[in-house]
Amino acid sequence: MAGAYGGLAKPVRDYYEEITARIESNPELFMRFHSGPLSADVRERIAGFIGAEADECVLVTNATMAVTTIMKNFMWHAEDVIITLGTSYTSINTTAQSLHDIHPHPSHRVFQLNFPTTHAEIITSFRTFIQSLAKTTPDSDQDVKSGPTTGTGKIVAIIDSICSLPGVLLPWQEMVKTCAEYGVWSVLDAAHSLGQEPNINLTESRPDFWFSNAHKWLVSKRACAVMYVPRRNQHIIKTVLPTAHIYPGTLVQQCEWTGTIDWGLYLSVGAALDFRQWIGGEEKIFAYCHDLALRGSTRVAEILGTRTLDETPNRELTLNMADVILPISSSVPGSPEVALALKKKMIIDRKVSASSHYHNGKWMVRCCAQIYNEMEDFEKLGRLYLEACQEIEEQFRTAT
Ligand SMILES: Cc1ncc(COP(=O)(O)O)c(C=O)c1O
């Protein structure tokens, strides 16, 4: 039930093995003549998938590479502000922190998110947060962010589309609109979106930057991600990382050769799209996984005697990942030692993969419904977590 690193579908794996054999049969021919047209075809297909143009989408190794590329390409000043979320993934926060740590020290502000909450509450509190930083009147010209819009410096917000832990869908389209209104750059960490979130249309929702892993939910070979930079913002990316053979050049030209790579990883995205069509198409995949996430997490909560994190009436926080509160009392600390012990008990001892974590004073487990999962997996997960939580309770309970 893996959201973290995905799981490779057999036909995609077969494709990867075939393409690897083809590359190895004549690497010189493949690298010099075939990799370009084949990857252009993949970009074209993935662009159609996310409502973008092919020359706005490039393939990179992973989400961390994408966010680093975007954030390191901004020209920073001491008055600038980088916003991350309380739920941001570790490497998003460390990227912001590292930029803050080097001269000229843009500041780093965190928008706190504590679940359970609702989309309406998030939209309102995010707006208030942005308003408090962006002191000037809203900027209605969404294409122009050339000058300071805060009265001081620029603001760049890195926003999750779907948070990692807990695995929660954010009202990111509304948050992007708020950013645009106040002249704040929106960088969308959509690491979990490709293959999980239905009907992505980036031309309509207009984030300033967007990136998503393809190996988590789209079932491509690990590691591959898509980075979207709309034409209006491509001037910001002066160099991709690592700096390419073609420099200066368009975004796509620069990504043609960023050093020798395993093209099989990137090309497996095409095989993943084929596989998804073959198995029933996006609508059916989403309907199956979403329904399983809702019912499966409810069942896990029943087995554990707890509740799901998302208790909104129509479970608006849930796509295909759903967190369930673990039966671990408040006398067990939310410490890294407990986190590691839980991981060992589940991944090593019980061979179960579902991320447990501590959020807002509670231990919880993120249940992911991938296309290869069934209700039985959720029931097993519940039973095994129940055992592990009892052990954790005995091992770590502190005297109160
Ligand atoms: C929300 C989010 N952002 C970024 C990342 C980083 O992805 P990667 O390790 O592929 O760079 C992850 C990884 O799980 C994630 O969940």
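For clarity, every value in this text was computed on a predicted model and none was experimentally measured.

K.L.:
Provide a residue-level description of the site of the ligand, including the pertinent values.
P.N.:
Every residue lining the ligand is accounted for by Asn62, Ala63, Thr64, Tyr89, Ser164, Asp189, Ala191, His192, Asn213, His215 and Lys216. One nitrogen or oxygen atom from the side chain of Ser164 is found 3.1 Å from an oxygen atom belonging to the ligand. Burial of the ligand by the protein amounts to 88% of the accessible area it has alone, namely 390 Å². Residue classes in the shell around the ligand are distributed as three nonpolar, six polar and two charged.

K.L.:
Report on the sheet that holds strand 3 (residues 107–111), specifying residues and quantitative values.
P.N.:
Ordered by their spatial adjacency, seven strands build an open sheet running 1-7-6-5-4-2-3, and the pairing between neighbours is mixed. Two strands in the sheet have a free side with no partner beyond their single neighbour: strand 1 (57–60) and strand 3. Pairs of neighbouring strands in the sheet enclose a mean axial angle of 20°, with direction left out of account. Examined bridge by bridge, strand 2 (residues 81–85) and strand 4 (residues 155–160) share three bridges and lie parallel to one another. Looking across to strand 4, one finds that Ile82 is bridged to Val156. Taken strand by strand, helix 2 (residues 27–49) contacts strand 1 and strand 7 (225–228), and its axis lies near 115° from that of strand 1.

K.L.:
With reference to specific residues and values, describe helix 9 (residues 263–279).
P.N.:
Every α-helix winds through 3.6 residues per turn, so residues three or four apart in the chain are directed the same way. Taking 1.5 Å per residue as the helical rise, helix 9 with its 17 residues ought to reach 24 Å, and the 25 Å between its terminal C-alpha atoms agrees with that figure. Where helix 9 bends most, the angle comes to about 25°, and this point is Val269. Extensive coverage of helix 9 is indicated by the burial of 13 of its 17 residues.

K.L.:
Summarise the nonpolar core; cite the residues concerned and give the values.
P.N.:
Formed by 71 residues in total, the largest nonpolar core has its most connected members in Ile50, Ile83, Phe111, Ile159, Leu170 and Trp210. Taken domain by domain, the makeup of this core includes at least three residues from each of domain 1 (10–275) and domain 2 (282–395). One finds Val187, Ala225, Val240 and Val252 within the second-largest nonpolar core, a separate group that totals 30 residues.

K.L.:
Give me the domain arrangement of the chain: which residues, what numbers.
P.N.:
The assigned domain composition of the chain is domain 1 (10–275) and domain 2 (282–395). Across the boundary between the two partners, domain 1 contributes 25 residues, which contact 20 residues of domain 2. Summed over both sides, the interface of domain 1 with domain 2 buries roughly 2,000 Å², with 65% coming from carbon and sulfur. Of all residues in domain 1, Leu165, Gln196 and Trp217 bury the most surface against domain 2, accounting for 26% of the area lost on that side. Inspection of the domain 1/domain 2 interface yields nine residue pairs in polar contact (both at pLDDT 80 or more).

The rules behind these values
Residues numbered from 1 in each chain as written. Predicted model: local features only at pLDDT ≥ 70, side-chain atom pairs only at ≥ 80, totals over all residues. Heavy atoms only, no water. Near = heavy atom within 4 Å. Polar contact = N/O pair within 3.5 Å; in protein donor to acceptor, adjacent residues only side chain to side chain. Areas by Shrake-Rupley, 256 points an atom, 1.4 Å probe, with all protein chains shown as cover. Nonpolar A, V, L, I, M, F, W, Y, C, P; charged D, E, K, R; others polar. Pairing = 2+ DSSP bridges. Helix = DSSP H or I, 4+ residues; strand = E, 2+ residues; numbered from the N terminus. Axes fitted to C-alpha atoms, helices over the stretch in contact; angles between N-to-C directions. Contact = heavy atoms within 4.5 Å. Expected span 1.5 Å × (residues − 1). Bend = angle between axes of the 7 residues up to and from the residue. Buried < 20%, exposed > 50% of the residue type's maximum accessible area, 1.4 Å probe, protein only. Core = buried A, V, L, I, M, F, W, Y, C linked by side-chain atoms within 4.5 Å. Domains from an automatic or database assignment. Buried area = accessible area lost by both parts, 1.4 Å probe.

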